[in-house]
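The residues making up each chain are set out below.
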Amino acid sequence: MYTHCDDMGNGSPLLTLITNALGTLRAFSHVIYNIIRYSNIQYNLNGEYTMKKNTNTNETANNNNETVNTNGAYISETATVYDGAYIGKRVRIEGNAVVHAGASITGDAIVRDSAVISGDAIVRDSAVISGNAIVRGHSIIEGSAIVRGNAVIDDFAIVRDDVIVEDNASVRGNALLEDSVRVINNARVRGNARVLGHSTISGSALVEGNAKVYGESVICGDAVISGNARIDEYAHIGGNTRISGTARVSGYSYIHGHVRISNAAYISGNAEVYGYAQIGKSVICGDAQVRDDAQVYGDSRIDGNAIIEGMALITGNAHVCRCTHTSNPITCKSSNGKIFTVDGEYINCSELSFRPDEWPSVIDEWGYYSDKLKDEYKAIVIFLNNTYMQE
(Lines give C-alpha, C1' and ligand atoms only; values in the text may rest on other atoms or scores of the structure.)
Protein backbone atom coordinates (compact mmCIF):
# COMPACT_ATOMS: atom_id res chain seq x y z
CA MET A 1 0.00 0.00 0.00
CA TYR A 2 1.36 3.43 -0.91
CA THR A 3 1.89 5.83 2.06
CA HIS A 4 1.92 9.59 1.56
CA CYS A 5 4.79 11.60 3.03
CA ASP A 6 2.40 13.55 5.19
CA ASP A 7 1.53 10.30 7.00
CA MET A 8 5.14 10.04 8.29
CA GLY A 9 5.38 13.24 10.27
CA ASN A 10 6.46 13.59 13.91
CA GLY A 11 4.73 11.03 16.08
CA SER A 12 3.78 8.85 13.14
CA PRO A 13 3.33 5.19 14.24
CA LEU A 14 5.15 3.99 11.12
CA LEU A 15 8.17 6.22 11.78
CA THR A 16 8.28 5.03 15.37
CA LEU A 17 8.21 1.40 14.25
CA ILE A 18 11.09 1.93 11.78
CA THR A 19 13.17 3.82 14.36
CA ASN A 20 12.76 1.06 16.96
CA ALA A 21 13.68 -1.61 14.41
CA LEU A 22 16.87 0.22 13.43
CA GLY A 23 17.88 0.58 17.08
CA THR A 24 17.42 -3.12 17.70
CA LEU A 25 19.46 -4.02 14.61
CA ARG A 26 22.25 -1.65 15.65
CA ALA A 27 22.44 -3.20 19.13
CA PHE A 28 22.45 -6.74 17.70
CA SER A 29 25.27 -5.81 15.26
CA HIS A 30 27.33 -4.42 18.14
CA VAL A 31 26.96 -7.70 20.04
CA ILE A 32 28.03 -9.75 16.99
CA TYR A 33 31.03 -7.44 16.40
CA ASN A 34 32.28 -7.90 19.97
CA ILE A 35 31.87 -11.68 19.78
CA ILE A 36 34.01 -11.78 16.65
CA ARG A 37 36.47 -9.27 17.97
CA TYR A 38 37.19 -11.02 21.27
CA SER A 39 36.73 -14.60 20.20
CA ASN A 40 39.91 -16.73 20.13
CA ILE A 41 38.85 -18.69 17.04
CA GLN A 42 37.36 -18.12 13.65
CA TYR A 43 35.52 -21.00 12.00
CA ASN A 44 36.15 -21.76 8.33
CA LEU A 45 34.50 -23.90 5.70
CA ASN A 46 36.92 -26.79 6.31
CA GLY A 47 35.61 -27.33 9.82
CA GLU A 48 38.82 -26.03 11.38
CA TYR A 49 39.72 -22.78 13.07
CA THR A 50 42.04 -19.84 12.68
CA MET A 51 43.36 -18.46 15.96
CA LYS A 52 42.56 -14.76 16.39
CA LYS A 53 44.22 -13.77 19.65
CA ASN A 54 46.31 -15.41 22.36
CA THR A 55 43.58 -15.20 24.98
CA ASN A 56 41.63 -17.73 27.00
CA THR A 57 38.23 -16.31 26.08
CA ASN A 58 35.56 -19.01 25.84
CA GLU A 59 38.05 -21.70 26.91
CA THR A 60 38.06 -24.15 29.80
CA ALA A 61 41.26 -24.77 31.78
CA ASN A 62 42.23 -28.34 32.66
CA ASN A 63 44.47 -29.76 35.38
CA ASN A 64 47.63 -29.75 33.23
CA ASN A 65 47.93 -25.99 32.87
CA GLU A 66 46.46 -26.33 29.39
CA THR A 67 43.34 -24.93 27.85
CA VAL A 68 40.89 -26.64 25.57
CA ASN A 69 39.58 -24.45 22.77
CA THR A 70 35.99 -24.81 21.70
CA ASN A 71 37.27 -26.20 18.39
CA GLY A 72 38.96 -29.13 20.17
CA ALA A 73 42.59 -27.97 19.88
CA TYR A 74 44.74 -28.03 23.03
CA ILE A 75 46.51 -24.74 23.66
CA SER A 76 48.76 -24.32 26.69
CA GLU A 77 48.20 -21.22 28.81
CA THR A 78 51.90 -20.43 28.34
CA ALA A 79 51.88 -20.92 24.56
CA THR A 80 51.58 -18.03 22.12
CA VAL A 81 49.43 -18.32 19.03
CA TYR A 82 49.34 -15.16 16.93
CA ASP A 83 46.56 -13.63 14.93
CA GLY A 84 46.38 -15.33 11.52
CA ALA A 85 47.81 -18.72 12.53
CA TYR A 86 45.79 -21.70 11.30
CA ILE A 87 45.10 -24.32 13.96
CA GLY A 88 43.37 -27.66 13.33
CA LYS A 89 40.80 -29.26 15.59
CA ARG A 90 43.05 -32.05 16.95
CA VAL A 91 46.26 -30.06 17.28
CA ARG A 92 48.19 -29.66 20.54
CA ILE A 93 50.19 -26.50 21.22
CA GLU A 94 52.01 -27.12 24.50
CA GLY A 95 54.56 -25.55 26.82
CA ASN A 96 56.03 -22.25 25.64
CA ALA A 97 55.57 -22.98 21.95
CA VAL A 98 55.00 -20.05 19.59
CA VAL A 99 52.97 -20.18 16.40
CA HIS A 100 53.14 -17.06 14.23
CA ALA A 101 50.68 -15.64 11.75
CA GLY A 102 50.63 -17.50 8.45
CA ALA A 103 51.71 -20.83 9.92
CA SER A 104 49.40 -23.84 9.59
CA ILE A 105 49.19 -26.63 12.18
CA THR A 106 46.70 -29.38 11.34
CA GLY A 107 45.91 -33.07 11.78
CA ASP A 108 47.26 -34.60 15.00
CA ALA A 109 50.40 -32.46 14.98
CA ILE A 110 52.05 -31.43 18.25
CA VAL A 111 54.12 -28.29 18.82
CA ARG A 112 55.59 -28.11 22.29
CA ASP A 113 58.35 -26.91 24.63
CA SER A 114 59.89 -23.72 23.15
CA ALA A 115 59.45 -24.62 19.50
CA VAL A 116 58.65 -21.80 17.05
CA ILE A 117 56.59 -22.12 13.88
CA SER A 118 56.57 -19.06 11.61
CA GLY A 119 56.34 -17.83 8.05
CA ASP A 120 54.04 -19.95 5.89
CA ALA A 121 55.32 -23.19 7.41
CA ILE A 122 53.00 -26.21 7.50
CA VAL A 123 53.05 -28.84 10.23
CA ARG A 124 50.52 -31.60 9.73
CA ASP A 125 49.56 -35.26 10.16
CA SER A 126 51.30 -36.69 13.26
CA ALA A 127 54.43 -34.52 13.10
CA VAL A 128 56.01 -33.39 16.39
CA ILE A 129 58.03 -30.19 16.80
CA SER A 130 59.69 -29.81 20.18
CA GLY A 131 62.63 -28.44 22.13
CA ASN A 132 63.93 -25.18 20.69
CA ALA A 133 63.29 -26.28 17.11
CA ILE A 134 62.39 -23.66 14.51
CA VAL A 135 60.23 -24.36 11.48
CA ARG A 136 59.83 -21.40 9.12
CA GLY A 137 59.69 -20.18 5.55
CA HIS A 138 57.47 -22.33 3.33
CA SER A 139 58.72 -25.60 4.80
CA ILE A 140 56.47 -28.62 5.33
CA ILE A 141 56.72 -31.13 8.17
CA GLU A 142 54.37 -34.06 7.72
CA GLY A 143 53.77 -37.73 8.34
CA SER A 144 55.29 -38.86 11.64
CA ALA A 145 58.37 -36.64 11.29
CA ILE A 146 60.08 -35.32 14.42
CA VAL A 147 61.98 -32.04 14.59
CA ARG A 148 63.56 -31.34 17.97
CA GLY A 149 66.51 -29.94 19.86
CA ASN A 150 67.84 -26.79 18.18
CA ALA A 151 67.07 -28.00 14.67
CA VAL A 152 66.03 -25.50 11.98
CA ILE A 153 63.83 -26.26 8.98
CA ASP A 154 63.63 -23.35 6.55
CA ASP A 155 62.83 -22.15 3.03
CA PHE A 156 60.91 -24.76 0.98
CA ALA A 157 62.31 -27.84 2.72
CA ILE A 158 60.10 -30.92 3.13
CA VAL A 159 60.52 -33.35 6.02
CA ARG A 160 58.14 -36.30 6.06
CA ASP A 161 57.44 -39.92 7.00
CA ASP A 162 59.51 -41.10 10.02
CA VAL A 163 62.39 -38.68 9.56
CA ILE A 164 64.11 -37.26 12.65
CA VAL A 165 65.95 -33.93 12.55
CA GLU A 166 67.53 -33.02 15.87
CA ASP A 167 70.39 -31.42 17.81
CA ASN A 168 71.74 -28.45 15.82
CA ALA A 169 70.97 -29.88 12.40
CA SER A 170 69.41 -27.75 9.66
CA VAL A 171 67.44 -28.45 6.49
CA ARG A 172 66.99 -25.59 4.02
CA GLY A 173 66.37 -24.70 0.39
CA ASN A 174 64.31 -27.23 -1.54
CA ALA A 175 65.78 -30.19 0.32
CA LEU A 176 63.64 -33.31 0.73
CA LEU A 177 63.95 -35.80 3.60
CA GLU A 178 61.74 -38.86 3.69
CA ASP A 179 61.43 -42.47 4.85
CA SER A 180 63.46 -43.06 8.06
CA VAL A 181 66.31 -40.61 7.57
CA ARG A 182 68.12 -39.07 10.54
CA VAL A 183 69.86 -35.70 10.35
CA ILE A 184 71.64 -35.04 13.63
CA ASN A 185 74.46 -33.20 15.40
CA ASN A 186 75.50 -30.19 13.28
CA ALA A 187 74.68 -31.77 9.93
CA ARG A 188 73.20 -29.69 7.10
CA VAL A 189 71.06 -30.57 4.12
CA ARG A 190 70.27 -27.82 1.62
CA GLY A 191 69.79 -26.87 -2.02
CA ASN A 192 67.90 -29.51 -4.00
CA ALA A 193 69.44 -32.38 -2.06
CA ARG A 194 67.43 -35.56 -1.50
CA VAL A 195 68.05 -37.82 1.49
CA LEU A 196 65.96 -40.99 1.54
CA GLY A 197 65.79 -44.53 2.94
CA HIS A 198 67.46 -45.18 6.28
CA SER A 199 70.39 -42.82 5.72
CA THR A 200 72.07 -40.88 8.51
CA ILE A 201 73.67 -37.46 8.11
CA SER A 202 75.69 -36.58 11.21
CA GLY A 203 78.66 -34.67 12.56
CA SER A 204 79.18 -31.48 10.57
CA ALA A 205 78.47 -33.17 7.25
CA LEU A 206 76.87 -31.22 4.40
CA VAL A 207 74.68 -32.57 1.61
CA GLU A 208 73.85 -29.91 -0.98
CA GLY A 209 73.29 -29.15 -4.65
CA ASN A 210 71.42 -31.93 -6.43
CA ALA A 211 73.08 -34.67 -4.42
CA LYS A 212 71.13 -37.80 -3.45
CA VAL A 213 71.78 -39.96 -0.41
CA TYR A 214 69.71 -43.09 0.15
CA GLY A 215 69.79 -46.74 1.18
CA GLU A 216 71.46 -47.09 4.59
CA SER A 217 74.30 -44.72 3.81
CA VAL A 218 76.15 -42.78 6.49
CA ILE A 219 77.56 -39.30 5.86
CA CYS A 220 79.52 -38.04 8.86
CA GLY A 221 82.49 -36.00 10.02
CA ASP A 222 83.06 -32.93 7.84
CA ALA A 223 82.20 -34.71 4.61
CA VAL A 224 80.57 -32.71 1.80
CA ILE A 225 78.38 -34.31 -0.86
CA SER A 226 77.51 -31.90 -3.67
CA GLY A 227 76.82 -31.52 -7.38
CA ASN A 228 74.90 -34.49 -8.75
CA ALA A 229 76.72 -37.02 -6.61
CA ARG A 230 74.83 -40.12 -5.49
CA ILE A 231 75.51 -42.12 -2.32
CA ASP A 232 73.54 -45.31 -1.77
CA GLU A 233 73.31 -48.81 -0.32
CA TYR A 234 75.63 -49.11 2.73
CA ALA A 235 78.28 -46.57 1.78
CA HIS A 236 80.09 -44.83 4.64
CA ILE A 237 81.52 -41.36 3.96
CA GLY A 238 83.49 -39.53 6.63
CA GLY A 239 86.48 -37.35 7.43
CA ASN A 240 86.98 -34.33 5.21
CA THR A 241 85.90 -36.16 2.09
CA ARG A 242 84.52 -34.14 -0.84
CA ILE A 243 82.34 -35.92 -3.39
CA SER A 244 81.03 -33.93 -6.35
CA GLY A 245 80.21 -34.05 -10.04
CA THR A 246 78.26 -37.15 -11.04
CA ALA A 247 80.28 -39.43 -8.79
CA ARG A 248 78.54 -42.45 -7.26
CA VAL A 249 79.52 -44.33 -4.13
CA SER A 250 77.61 -47.51 -3.26
CA GLY A 251 77.92 -51.02 -1.86
CA TYR A 252 79.86 -51.21 1.40
CA SER A 253 82.41 -48.65 0.28
CA TYR A 254 84.28 -46.82 3.00
CA ILE A 255 85.59 -43.33 2.19
CA HIS A 256 87.44 -41.25 4.78
CA GLY A 257 90.39 -38.94 5.30
CA HIS A 258 90.85 -36.01 2.89
CA VAL A 259 89.67 -37.84 -0.20
CA ARG A 260 88.46 -36.00 -3.29
CA ILE A 261 86.07 -37.85 -5.62
CA SER A 262 84.70 -36.07 -8.67
CA ASN A 263 83.45 -36.28 -12.25
CA ALA A 264 81.92 -39.68 -13.08
CA ALA A 265 83.87 -41.73 -10.55
CA TYR A 266 82.21 -44.93 -9.39
CA ILE A 267 83.16 -46.56 -6.09
CA SER A 268 81.40 -49.78 -5.09
CA GLY A 269 81.76 -53.21 -3.53
CA ASN A 270 83.98 -53.24 -0.45
CA ALA A 271 86.34 -50.63 -1.84
CA GLU A 272 88.13 -48.33 0.57
CA VAL A 273 89.54 -44.92 -0.35
CA TYR A 274 91.35 -42.84 2.23
CA GLY A 275 94.32 -40.58 2.95
CA TYR A 276 94.62 -37.78 0.39
CA ALA A 277 93.62 -39.93 -2.56
CA GLN A 278 91.97 -38.33 -5.57
CA ILE A 279 89.55 -40.19 -7.79
CA GLY A 280 88.30 -38.88 -11.13
CA LYS A 281 86.44 -40.65 -13.90
CA SER A 282 87.29 -44.24 -12.98
CA VAL A 283 85.96 -47.35 -11.27
CA ILE A 284 87.12 -48.54 -7.85
CA CYS A 285 85.39 -51.75 -6.79
CA GLY A 286 85.83 -55.22 -5.32
CA ASP A 287 88.10 -55.15 -2.27
CA ALA A 288 90.40 -52.57 -3.80
CA GLN A 289 92.07 -49.83 -1.80
CA VAL A 290 93.28 -46.43 -2.95
CA ARG A 291 95.18 -44.55 -0.28
CA ASP A 292 97.93 -42.09 0.63
CA ASP A 293 98.36 -39.53 -2.19
CA ALA A 294 97.42 -41.86 -5.00
CA GLN A 295 95.45 -40.53 -7.95
CA VAL A 296 93.19 -42.48 -10.27
CA TYR A 297 91.76 -40.78 -13.37
CA GLY A 298 90.71 -41.39 -16.93
CA ASP A 299 88.79 -44.60 -17.50
CA SER A 300 90.96 -46.55 -15.11
CA ARG A 301 89.63 -49.52 -13.19
CA ILE A 302 90.93 -50.66 -9.81
CA ASP A 303 89.31 -53.83 -8.50
CA GLY A 304 90.00 -57.25 -7.01
CA ASN A 305 92.40 -56.93 -4.09
CA ALA A 306 94.53 -54.22 -5.65
CA ILE A 307 96.11 -51.56 -3.47
CA ILE A 308 97.06 -48.24 -5.04
CA GLU A 309 99.18 -46.23 -2.65
CA GLY A 310 101.96 -43.72 -2.17
CA MET A 311 102.20 -41.21 -5.04
CA ALA A 312 100.78 -43.63 -7.58
CA LEU A 313 99.14 -42.13 -10.65
CA ILE A 314 96.74 -44.30 -12.65
CA THR A 315 95.38 -42.76 -15.85
CA GLY A 316 93.93 -43.68 -19.20
CA ASN A 317 92.15 -47.03 -19.23
CA ALA A 318 94.68 -48.72 -16.98
CA HIS A 319 93.45 -51.72 -15.02
CA VAL A 320 94.84 -53.02 -11.73
CA CYS A 321 93.06 -55.97 -10.14
CA ARG A 322 95.58 -58.27 -8.46
CA CYS A 323 96.63 -58.34 -4.82
CA THR A 324 99.39 -55.88 -5.54
CA HIS A 325 100.73 -52.92 -3.60
CA THR A 326 101.32 -50.40 -6.34
CA SER A 327 102.98 -47.08 -5.56
CA ASN A 328 104.71 -46.82 -8.92
CA PRO A 329 102.34 -48.23 -11.54
CA ILE A 330 103.93 -49.27 -14.81
CA THR A 331 101.80 -48.72 -17.89
CA CYS A 332 102.38 -48.57 -21.60
CA LYS A 333 99.97 -47.11 -24.16
CA SER A 334 99.61 -48.50 -27.67
CA SER A 335 99.24 -46.34 -30.78
CA ASN A 336 95.43 -46.72 -30.65
CA GLY A 337 95.19 -45.85 -26.95
CA LYS A 338 95.11 -49.25 -25.27
CA ILE A 339 96.82 -49.28 -21.87
CA PHE A 340 98.83 -52.31 -20.75
CA THR A 341 99.47 -52.28 -16.99
CA VAL A 342 101.95 -54.32 -14.98
CA ASP A 343 100.05 -55.89 -12.09
CA GLY A 344 102.39 -58.09 -10.05
CA GLU A 345 103.00 -61.24 -12.11
CA TYR A 346 100.32 -60.22 -14.57
CA ILE A 347 99.80 -57.70 -17.32
CA ASN A 348 96.34 -56.20 -17.64
CA CYS A 349 94.60 -54.62 -20.59
CA SER A 350 91.03 -53.35 -20.30
CA GLU A 351 89.34 -55.92 -18.05
CA LEU A 352 91.65 -58.78 -19.08
CA SER A 353 94.53 -59.99 -16.93
CA PHE A 354 97.07 -62.64 -18.01
CA ARG A 355 100.68 -63.61 -17.40
CA PRO A 356 103.14 -62.40 -20.08
CA ASP A 357 103.51 -65.84 -21.66
CA GLU A 358 99.71 -66.14 -22.02
CA TRP A 359 99.18 -62.84 -23.82
CA PRO A 360 100.40 -63.77 -27.37
CA SER A 361 97.70 -66.42 -27.85
CA VAL A 362 95.05 -64.06 -26.37
CA ILE A 363 96.07 -61.27 -28.75
CA ASP A 364 95.96 -63.65 -31.72
CA GLU A 365 92.27 -64.26 -30.99
CA TRP A 366 91.45 -60.57 -31.38
CA GLY A 367 90.23 -60.90 -34.94
CA TYR A 368 88.98 -57.30 -35.14
CA TYR A 369 92.54 -55.88 -34.97
CA SER A 370 95.04 -55.76 -37.83
CA ASP A 371 98.17 -57.91 -37.76
CA LYS A 372 100.18 -54.72 -37.36
CA LEU A 373 98.33 -53.77 -34.16
CA LYS A 374 98.59 -57.33 -32.86
CA ASP A 375 102.34 -57.26 -33.34
CA GLU A 376 102.47 -53.93 -31.50
CA TYR A 377 100.49 -55.34 -28.55
CA LYS A 378 102.82 -58.37 -28.36
CA ALA A 379 105.84 -56.09 -28.43
CA ILE A 380 104.43 -54.06 -25.52
CA VAL A 381 103.92 -57.23 -23.46
CA ILE A 382 107.51 -58.36 -24.16
CA PHE A 383 108.85 -54.92 -23.28
CA LEU A 384 106.97 -54.73 -19.98
CA ASN A 385 107.97 -58.27 -19.04
CA ASN A 386 111.65 -57.88 -19.83
CA THR A 387 111.98 -54.37 -18.35
CA TYR A 388 109.85 -54.45 -15.20
CA MET A 389 108.89 -58.03 -14.37
CA GLN A 390 112.20 -59.92 -14.34
CA GLU A 391 113.94 -60.35 -11.01
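All values reported here derive from a predicted model rather than from experimental measurement. What you see as residue numbers is a count from 1 along each chain, following the sequence as written. Confidence filtering applies because this is a predicted model: local features only for residues at pLDDT of at least 70, side-chain atom pairs given and counted only at 80 or more, and all residues used for totals across whole chains, interfaces and linings. Working from all heavy atoms in the structure, the side-chain values ignore hydrogens and water.

1. Overview of the pattern of salt bridges
A pairing counts as a salt bridge when a side-chain nitrogen of Lys or Arg comes within 4 Å of a carboxyl oxygen of Asp or Glu. All chains considered together, the criterion is met by 16 salt bridges. The residue Arg-160 makes a salt bridge to Glu-178 at a minimum N-O spacing of 3.0 Å. In this pair, Arg-160 is assigned in the loop between strand S19 (158-159) and strand S20 (164-165) and Glu-178 in the loop between strand S22 (176-177) and strand S23 (182-183), connecting sequence segments 18 residues apart. Only protein chains enter the accessibility calculation, which uses a 1.4 Å probe; a residue whose area is less than 20% of its type maximum is buried, one above 50% is exposed, and one in between is partly exposed. For Arg-160, a relative accessible area of 24% translates into the label partly exposed. Given the relative accessible area of 17%, Glu-178 is considered buried. Taken together, the salt bridges that share partners define one network made up of Arg-124, Glu-142, Arg-160 and Glu-178. Labels follow the DSSP assignment, with helices taken as runs of H or I lasting at least four residues and strands as runs of E lasting at least two, numbered in each case from the N terminus.

2. Section: the environment of Val-128
Structurally, Val-128 is set in strand S14 (residues 128-129). Considering only alpha carbons, one finds Val-128 and Gly-143, 15 residues apart in sequence, at a separation of 9.4 Å. Residues in contact with Val-128, not counting those within four places in the same chain, are Ile-110, Arg-112, Ala-145, Ile-146 and Val-147. Any two residues whose heavy atoms approach within 4.5 Å at even a single point are treated as in contact.

3. Focus: unusual backbone geometry
Working note: non-glycine residues mostly have negative phi, and peptide bonds are mostly trans. Unusually for a residue other than glycine, Glu-233 sits at a positive phi of about 55°. Assignment of secondary structure puts Glu-233 in the loop between strand S31 (230-231) and strand S32 (236-237). Non-glycine residue Asp-292 carries a positive phi angle of around 60°. Overall, the relative accessible area of 34% leaves Asp-292 in the partly exposed class.

4. Some remarks on helix H3 (residues 371-388)
Helix span, as expected, comes to 1.5 Å for every residue beyond the first. With 18 residues, H3 should reach 26 Å at 1.5 Å per residue; the first-to-last C-alpha distance of 26 Å fits that figure. What H3 keeps buried is the set Leu-373, Lys-374, Tyr-377, Ile-380, Val-381, Leu-384 and Asn-385. Buried residues of H3, seen end-on, are gathered within an arc of 125° and therefore sit on one face of the element. Among the exposed residues of H3, those pointing more than 90 degrees away from its buried face are Asp-371, Lys-372, Ile-382 and Asn-386. On the buried face of H3, the contacting elements are strand S48 (331-333), strand S49 (339-343), strand S50 (346-349) and helix H2 (359-364). What the arc measures is the spread of directions leading from the helix axis to the C-beta atoms.

Honestly, it's all geometry; don't read function into it.
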